[in-house]
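For reference, the chains in residue letters:
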Amino acid sequence: MIGASSADIRLTAQVSLAGTGAPNPYEGEAFTCYRAAELDQVTDSAFSALLGHAIPEQNWNEQAPLGMNDSLIQLYYARNPLARLVGKKLCSMKDQSIAAGKPDLNLLFIYNMPFRGIAKMMNGMVSMEMAENILKMANGHFFRGLFGVIRGYLRRPNLAKMKQEEQ
């Protein structure tokens, strides 16, 4: 249908376009659960077939330092024991809220937030420089990171002054 609007149709015709005859790449036994919409029945082999290669390892590389895109749950792998303790406490708080039958959505949000989110979600109280140095502390460079956080705190704009200017 072609028209000036949906109420003003000026031309109607039927168009047929022949396909290429290519085989359906999702035919076969591995995709039965997908075609039947039984997503709770998807096996690793079925997902590998859909993915087109083997499923990547599910363990995070514990030797690599944490990065700005890694989530806070990965504090479990931090080189700093204090950061690992924070990660375990965060995990414990999450598990307790789930066990109580009322998951704390704010806690789940924080639990899955990347390190860059510390700066993005703090409304200017934490700068990106400070977040990078918090990450440096978690990666085992405690004093270098601590001094960087202090330096970032002193460099950030005065929030009270910014709020006055907004009004």
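This report concerns the structure included in the present document. (Residues numbered from 1 in each chain as written. Predicted model: local features only at pLDDT ≥ 70, side-chain atom pairs only at ≥ 80, totals over all residues. Heavy atoms only, no water.)

Across its full length, the protein chain carries eight helices and two strands. Listed by position from the N terminus, the elements making up the protein chain come as β-β-α-α-α-α-α-α-α-α. What you see for the protein chain is a C-alpha radius of gyration of 26 Å, clearly larger than the 15 Å of a compact globule of 167 residues, by over 25%. For the protein chain, the C-alpha atoms occupy an extent of roughly 70 × 50 × 35 Å along the three principal directions. (Helix = DSSP H or I, 4+ residues; strand = E, 2+ residues; numbered from the N terminus. Rg over C-alpha atoms; globule rule 2.2 N^0.38 Å.)

The next thing to look at is the packing of aromatic side chains. The relation between two aromatic rings is expressed through the spacing of the ring centres and the mutual angle of the planes. Here the structure, examined in full by the defined rule, presents four aromatic pairs. Here tyrosine 76 and tyrosine 77 contribute two aromatic rings whose centre-to-centre distance is 5.5 Å and whose plane-to-plane angle is 90°, an arrangement assigned as edge-to-face. (Phe/Tyr/Trp six-rings, centres within 6.5 Å; stacked < 30°, edge-to-face > 60°.)

This part is about the side chain of lysine 94. Mapped onto the elements of the fold, lysine 94 is located in helix H3 (residues 81-99). In contact with lysine 94, other than residues within four places in its own chain, are Leu107, Leu108 and Tyr111. (Contact = heavy atoms within 4.5 Å.)

Let us look at H3. Along its 19 residues, H3 runs 27 Å from first to last C-alpha, staying within 8% of the 27 Å computed at 1.5 Å per residue. Buried within H3 we find Ala83, Gly87, Leu90, Lys94 and Ser97. End-on view of H3: buried residues confined to an arc of 95°, all on one side of the axis. Opposite the buried face of H3, at more than 90 degrees from it, the exposed residues are Pro81, Leu85, Gln96 and Ala99. If you follow the buried residues of H3, they end up packed against helix H4 (105-112) and helix H6 (128-138). The opening residue of H3, the one whose side-chain oxygen lies 2.7 Å from the backbone nitrogen of leucine 82, is asparagine 80. Looking at the residues trailing H3, positive phi occurs at glycine 101, about 85°. (Expected span 1.5 Å × (residues − 1). Buried < 20%, exposed > 50% of the residue type's maximum accessible area, 1.4 Å probe, protein only. Arc of directions from axis to C-beta. Polar contact = N/O pair within 3.5 Å; in protein donor to acceptor, adjacent residues only side chain to side chain.)

With that out of the way, let us pick up the pairing of strand E2 (residues 8-11). Across three bridges, the pairing between strand E1 (residues 2-5) and E2 is antiparallel. Pairing of serine 5 across the sheet is with aspartate 8, part of E2. As consecutive antiparallel partners, E1 and E2 are separated by two residues. (Pairing = 2+ DSSP bridges.)

Now for the layout of surface pockets. Taken as a whole, the largest pocket encloses approximately 230 Å³ of empty space. What lines the largest pocket is a set of 13 residues, and nearest its centre among them are Leu75, Ala83, Val86, Ile134 and Ala138. Elements with a minimum of two residues in the lining of the largest pocket: H3 and H6. Looking at the lining of the largest pocket, the element that brings in the most residues is H3, giving four residues. Tallied by class, the residues present in the lining of the largest pocket amount to twelve nonpolar, one polar and no charged. (1 Å grid on protein atoms, 1.4 Å probe; cavity = no way out; pocket = protein on both sides within 12 Å on 5 of 7 lines; lining within 4 Å. Points joined across faces, edges and corners; volume = space filled by probe spheres on them. Nonpolar A, V, L, I, M, F, W, Y, C, P; charged D, E, K, R; others polar.)

Another point: the side chain of serine 71. With respect to the element layout, serine 71 can be found in the loop between helix H2 (44-51) and H3. Not counting residues within four places of it along the chain, the set of residues in contact with serine 71 comprises Tyr111, Asn112, Met113, Pro114 and Phe115.

The next subject is the packing of H3 against H4. Their axes nearest at 10 Å, the elements H3 and H4 cross at an angle of 145°. Here the hand of the crossing between H3 and H4 comes out left-handed. For the pair formed by H3 and H4, the contact residues are Leu90, Cys91, Met93, Lys94 and Ser97 on the first element and Leu107, Leu108, Ile110 and Tyr111 on the second. Looking at side-chain class alone, the contact of H3 with H4 contains seven nonpolar, one polar and one charged residues. (Axes fitted to C-alpha atoms, helices over the stretch in contact; angles between N-to-C directions. Left-handed = near helix turned anticlockwise from the far one by under 90°.)

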